[in-house]
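# Geometric and topological summary
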Amino acid sequence: SPDSLDSVSPELEKAGLLNKTKIAEGGRKLRKNWNPSWVVLVGNSLVFFKDPKTQSPSSWRPGNSRPESSVDLRGAQLQWADSLSSRKNVFKLRTITGNEFLLQSDTESLIKEWYGTIQKVINRLDRE
Ligand code: I3S
C-alpha cells in the first residue's frame, strides 16, 4: 500500500534530534526561538517535527505524521554559522524562498554528519 513504510523508506536518508531556530522568513529577519526538533531528511525535503517526546523517526510517514514544517532543499544553501550564535556546532540552511534556519547539536560529529548528508542532497538536486 502507498502508506506502508516499505514503499517510502528507501527515500529516508536521515532522522534525528537537533536544536532548531528559524531566523528569517522570505528574507525578513525573525527573532530567534531555539527548540529541539525531530529532523527528517526524506527525498528532496527536510521535515521538522515539533514534539520530540511524542514523535519518533518513523512517525513522519504518511498517515502517521504531524510535521511542524518542511523545507524544499532544491536550490538551498548551507553554511557553517558559528558566528551567528553563542552556541557551537551551528549551521545555517537558506531556502530558495529566503527562509533561514539554524540547526545545532552539542555533538560535533553528529552535526557534521547532518551537514554532509544535506549538502549531498542539495548537490544532487543542483545536478538534476
Ligand atoms: O543572535 P541573538 O539575537 O543574540 O540571539 C539570542 C537571542 O535571540 C535570545 O533571545 P532574546 O534576545 O529574545 O531574549 C535567545 O534566547 C538566544 O538563544 C539567542 O542566542 P543564541 O546565541 O542562543 O543563538
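Residues numbered from 1 in each chain as written. Predicted model: local features only at pLDDT ≥ 70, side-chain atom pairs only at ≥ 80, totals over all residues. Heavy atoms only, no water.

### Concerning the overall build of the protein chain
Our working definition: We count a stretch as a helix when DSSP gives it H or I for four or more residues in a row; a strand needs E for two or more, and each element gets its number in order from the N terminus. Accessible area is worked out with a 1.4 Å probe on protein chains only. A residue is then buried under 20% of its type maximum, exposed over 50%, and partly exposed in between. Should any heavy atoms of two residues lie within 4.5 Å, those residues are considered in contact. Method for areas: the Shrake-Rupley scheme with a 1.4 Å probe, in which residue coverage is limited to the protein chains shown.
A tally of helices and strands in the protein chain yields two helices and eight strands. When the helices and strands of the protein chain are read in sequence order from the N terminus, they spell out α-β-β-β-β-β-β-β-β-α. Counting all 128 residues of the protein chain, 40% fall into the buried class. In the protein chain, 50% of the contacts between residues at least 6 apart in sequence involve partners at least 24 apart. Surface exposure of the protein chain reaches about 7400 Å², of which carbon and sulfur atoms provide 46%.

### Describing helix α2 (residues 108-127)
How we decide: Under the convention used throughout, the expected extent of a helix is 1.5 Å for every residue step, that is, one less than its residue count.
With 20 residues, α2 should cover 28 Å at 1.5 Å per step; its first-to-last C-alpha distance of 29 Å lies within 8% of that length. Here α2 has its buried residues at I111, W114, Y115, T117, I118, V121, I122 and L125.

### Examining the layout of surface pockets
Inclusion rule: Any residue with an atom within 4 Å of a point lines the site, the site being either a cavity, points on a 1 Å grid over the protein atoms alone where a 1.4 Å probe fits but cannot get out, or a pocket, an open set with protein on both sides within 12 Å along at least 5 of 7 lines. Grid points are joined across faces, edges and corners, and a volume is the space filled by probe spheres set on the points.
Its volume calculated, the largest pocket comes out at about 290 Å³. Lining the largest pocket are 18 residues, and of these K20, K22, E68, S69 and F101 lie nearest its centre. Those elements that provide at least two residues to the lining of the largest pocket are β1 (12-25), β3 (35-42) and β5 (67-72). Here the lining of the largest pocket takes four residues from β5, the largest share from any one element.

### Some points on the nonpolar core
Note the threshold: Nonpolar cores are built from buried Ala, Val, Leu, Ile, Met, Phe, Trp, Tyr and Cys residues. Side-chain atoms within 4.5 Å join them into one set.
Core analysis: the biggest nonpolar cluster contains 20 residues, and L46, L73, F91, L93, W114 and I118 have the highest contact counts within it. Of all the secondary structure elements, the ones that give two or more residues to this core are β3, β4 (45-49), β7 (90-94), β8 (100-104) and α2. Sorting elements by how many residues they give to this core places α2 first, with seven residues. In this structure, F91 is in contact with L78, Q79, W80, A81, F101, L102, L103, I111, W114, Y115 and I118, ignoring residues within four places of it in sequence.

### Looking at the packing of aromatic side chains
Heads up, the rule is: Aromatic contacts are taken between Phe, Tyr and Trp rings whose centres are within 6.5 Å, Trp giving its six-membered ring; a plane angle under 30 degrees counts as stacked, one over 60 as edge-to-face, and the others as tilted.
Applying the stated criterion across every chain yields a total of four aromatic pairs. Ring centres of W80 and Y115 lie 4.5 Å apart, and the angle between their planes is 10°; on these two criteria the pair is classed as stacked. With W80 in strand β6 (residues 77-80) and Y115 in helix α2, the pair connects residues that are 35 residues apart, well separated along the chain. We classify Y115 as buried; its relative accessible area is 17%. A ring pair is formed by F91 and Y115, whose centres lie 5.4 Å apart and whose planes are at 80°; its orientation type is edge-to-face.

### Focus: the environment of T95
With respect to the helices and strands, T95 occurs in the loop between β7 and β8. Not counting residues up to four positions away in its chain, the partners in contact with T95 are V71, D72, A76 and F101.

### Considerations on the site of the ligand
Heads up, the rule is: What makes a residue near a molecule or strand is one non-hydrogen atom of that residue sitting within 4 Å of it. Here a polar contact is recorded for every N or O atom pair within 3.5 Å, except that within protein the pair must consist of a potential hydrogen donor and a potential acceptor, and residues adjacent in sequence are included only if both atoms are side-chain atoms. Residues are grouped as follows: Ala, Val, Leu, Ile, Met, Phe, Trp, Tyr, Cys and Pro are nonpolar; Asp, Glu, Lys and Arg are charged; all remaining types, including Gly, are polar.
Close to the ligand lie R31, K32, W34, S85, S86 and R87, which account for all nearby residues. One of the side-chain nitrogen or oxygen atoms of S86 is found 2.6 Å away from an oxygen atom of the ligand. Relative to its free-state accessible area of 510 Å², the ligand is covered by the protein chains to the extent of 46%. For the shell around the ligand, the residue count by class is one nonpolar, two polar and three charged.

### Remarks on unusual backbone geometry
In this model, N89 sits at a positive phi of 60°, which is unusual for a non-glycine residue. Looking at the element boundaries, N89 is found in the loop between β6 and β7.

By themselves, these figures tell us nothing about what the structure is for.
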